[in-house]
Each structure stands twice: as structure tokens, then as C-alpha cells.
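Each chain is listed here by its residues.
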Amino acid sequence: MTELFTEQLDQTIQIGDGAYFLRGFALPVANVICTMLMQHFKDYPPQQMMTPMGYPMSVKTTSFGKFGWVGTPRGYGYSEVDLITKKAWSPIPEAFLQLAQGVAKEAGYSDFVPDTCLVNVYAIGTKMGLHRDQDELDFSQPIVSVSFGIPATFLFGGAKRGDKTIKIPLTHGDVVVWGGKSRLHYHAIKPLKPNDHEVLGPCRINLTFRKAR
Ligand code: MD6
Ligand code: FE
């Protein structure tokens, strides 16, 4: 019985063509990473990016790496500096890189070299509308997505906006890897329900590692 349970925890579940859900994969390094995130938020405060329609996004965003993802009324893209502090982003910490590359390898993407780590901070009630990640240059590179804090429901759809979605519950330490034929599939995060996490409080943090350029 014990063995079966361990196997289930370690499972890599395929959720699409080239897309995998690795439950709890980041748990062993969660405390180290969350501590480093708290320091990063002091140096590069998460900010509400703008949609091309001119509305602020509900989540707050910051980045590590050579590039950081930004949203402005002129569109979405990558910037080498934080738009508020005007500072170059700090490099992706080694512990983060090791996690992202370990995950990618597990999913068969053995030469993943991310140059950006986007950090999204979700308060209760915030969400991420249905979208595709299409601001990067090389769609042969996957995206590694790591969740910390309170649970959220991830919706994973298809190549078209109207395709049906599946629901994946994401909790502290869960990882999704995303590439191959589903690299450009639509996805979303439903509004966060009230909750409280023992380390992060009433908050969810999502890291997405990407090769932007
Ligand atoms: C989130 N994630 O989990 C939002 N994008 O907060 C994403 O938008 C996402 O998890 C591309 C690949 C994986 C993701
Ligand atoms: Fe996305």
C-alpha cells in the first residue's frame, strides 16, 4: 500500500500532447524558493501589468532573468529592465534553474535553457483569463510552470479559443510543463477562492520559466 501511494505522488500525468502535470515536484525546494521570492519582491515589487485594452491585469507580476515579461497599453512583450525601478532584472537563481531544468528533463525536454522566470502573484478573487503564451520567439522550447501557496483551478484547452477545457487543480509545489504540440494551447486560471496557506498566507504564486529570445 505504501509503495502504491508513493508511486502516485511521483507520477507524471500527461494532460496533452507534450504537456504534463507533475504533482508536488517542487515541494522539496519550496521553502528555499519562497524565501528567495520574498526578498525579490522587495527589490522588484510585483506590479499590475496593463492589457492592450488599457485595463490593469488582476494579478501582480515581476521577473527574474535576462528578460522580464511586461504588459503595456502598447502590447505585451519582454523587457531587459523593470519598467518601474528601471533596473535590469536579477539573474534567475541557481536553485530555480535547477528546478526548471529538472522538470523539463522529466518531461523529455532535455535542453531547456530559460532566459526568463515570470512571477505572478494572485490575491483572493484574482484570475488569469483565457490566453496563449505567444510572446516568445522559439515555440520548440517548453514552458515550466510552478505553483506555490493556496490552490487554484487551471483550465487547459486546445488550439482554438472555443475548444473545450479540462480542469486541473494546482496546489503548493505542483508543476505543469508545456510544449510540443500544445505549446500554443489556450489556458486560464479561475478566480481564486478564499483560502490561507501556512507559509504564503492568502496568496498564490506562479513561476513560469521560458526561453523568450
Ligand atoms: C498560472 N499560468 O498558473 C498561469 N502559461 O498562474 C500560465 O499562464 C501558464 O501555467 C503557460 C504555461 C503554463 C502556465
Ligand atoms: Fe500562460
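First, a word on scope: everything that follows refers to the structure included in this document. The model shown is predicted, which means the values in this text are computed figures rather than measured ones.

1. Considerations on the site of ligand 1
Around ligand 1, the neighbouring residues are Tyr122, His131, Asp133, Ile143, Ser145, Phe154, Trp178, His187, Ile189, Arg204 and Asn206. Here an oxygen atom of ligand 1 and a side-chain polar atom of serine 145 are 2.7 Å apart. Here an oxygen atom of ligand 1 sits 3.2 Å away from a polar atom, N or O, in the side chain of asparagine 206. Bound to the protein, ligand 1 loses 98% of the 340 Å² it would expose on its own. Its atoms largely coinciding with the cavity grid, ligand 1 occupies the largest pocket. For the shell around ligand 1, the secondary structure elements donating two or more residues are β8 (143-149), β12 (187-189) and β13 (203-210). The residue makeup of the shell around ligand 1, split by class, is five nonpolar, four polar and two charged.

2. As for the coordination of the iron ion (ligand 2)
Ligation of the iron ion (ligand 2) by protein atoms is provided by His131 (NE2), Asp133 (OD) and His187 (NE2), these donors lying 2.1 to 2.2 Å from the ion. Site description for the iron ion (ligand 2): donor spacing in sequence, H-x1-D-x53-H. With histidine 131 in strand β7 (residues 128-131) and histidine 187 in strand β12, this residue pair connects regions lying 56 residues apart in the sequence. What makes histidine 187 buried here is its relative accessible area of 6%.

3. So, the layout of surface pockets
Here the largest pocket is characterised by a volume of approximately 730 Å³. Within the residue set of the lining of the largest pocket, elements represented by two or more residues are β6 (116-123), β7, β8, β11 (175-178), β12 and β13. With four residues, β13 is the largest single contributor of residues to the lining of the largest pocket. Taken together, the residues of the lining of the largest pocket sort by class into 16 nonpolar, 10 polar and eight charged.

4. Comments concerning the packing of aromatic side chains
Scanning the entire structure with this criterion turns up five aromatic pairs. Pairing phenylalanine 154 with tryptophan 178 gives two aromatic rings, centres 5.4 Å apart and planes at 65°, and the pair type is edge-to-face. Residue phenylalanine 154 is found in strand β9 (residues 152-156), and its partner tryptophan 178 is found in strand β11; the two are separated by 24 residues along the sequence. Overall, phenylalanine 154 belongs to the buried group, its relative accessible area being 7%. The exposure class assigned to tryptophan 178 is buried, which follows from its relative accessible area of 4%.

5. What to know about the nonpolar core
Within the largest apolar cluster, 32 residues are counted, with the highest numbers of intra-cluster contacts made by Val144, Phe148, Leu207 and Phe209. Listing elements by their share of this core, those giving two or more residues are β2 (19-22), α2 (30-43), α3 (94-106), β6, β8, β11 and β13. The leading source of residues in this core is α3, at six residues. Residue contacts for phenylalanine 148: discarding those within four places in its chain leaves Ala26, Ala30, Ile33, Cys34, His172, Gly173, Leu200, Cys203, Arg204, Ile205 and Leu207.

6. Describing α2
Here α2 is 14 residues long and its end C-alpha atoms lie 20 Å apart, about the 20 Å a rise of 1.5 Å per residue gives. Among all positions in α2, only Ala30, Ile33, Cys34, Leu37, His40 and Phe41 are buried. Along the long axis of α2, the arc covered by the buried residues comes to 115°, so they all point the same way. Pointing more than 90 degrees away from the buried face of α2 are the exposed residues Asn31, Thr35 and Lys42.

7. Regarding the sheet that holds strand β3 (residues 60-65)
With antiparallel pairing, the seven strands of this open sheet are ordered in space as β1-β2-β11-β8-β13-β6-β3. Pairing within the sheet leaves two strands with one partner each, and these edge strands are β1 (12-16) and β3. Across this sheet, the average inter-strand angle for adjacent strands is 20°, counted without regard to direction. Pairing geometry for β8 and β11, over four bridges, is antiparallel. Each bridged residue has a counterpart across the sheet, and for serine 145 the counterpart in β11 is valine 176. Contacting β1, β2, β3, β6, β8, β11 and β13, α3 crosses the sheet at an angle of about 120° to β8.

Conventions adopted
Residues numbered from 1 in each chain as written. Chains lettered and ligands numbered in written order. Predicted model: local features only at pLDDT ≥ 70, side-chain atom pairs only at ≥ 80, totals over all residues. Heavy atoms only, no water. Near = heavy atom within 4 Å. Polar contact = N/O pair within 3.5 Å; in protein donor to acceptor, adjacent residues only side chain to side chain. Areas by Shrake-Rupley, 256 points an atom, 1.4 Å probe, with all protein chains shown as cover. 1 Å grid on protein atoms, 1.4 Å probe; cavity = no way out; pocket = protein on both sides within 12 Å on 5 of 7 lines; lining within 4 Å. Sits in = over half its atoms within 2 Å of the grid points. Helix = DSSP H or I, 4+ residues; strand = E, 2+ residues; numbered from the N terminus. Nonpolar A, V, L, I, M, F, W, Y, C, P; charged D, E, K, R; others polar. Donors = N, O, S within 2.8 Å, 3.2 Å for Na, K, Ca; no water. Buried < 20%, exposed > 50% of the residue type's maximum accessible area, 1.4 Å probe, protein only. Points joined across faces, edges and corners; volume = space filled by probe spheres on them. Phe/Tyr/Trp six-rings, centres within 6.5 Å; stacked < 30°, edge-to-face > 60°. Core = buried A, V, L, I, M, F, W, Y, C linked by side-chain atoms within 4.5 Å. Contact = heavy atoms within 4.5 Å. Expected span 1.5 Å × (residues − 1). Arc of directions from axis to C-beta. Pairing = 2+ DSSP bridges. Axes fitted to C-alpha atoms, helices over the stretch in contact; angles between N-to-C directions.

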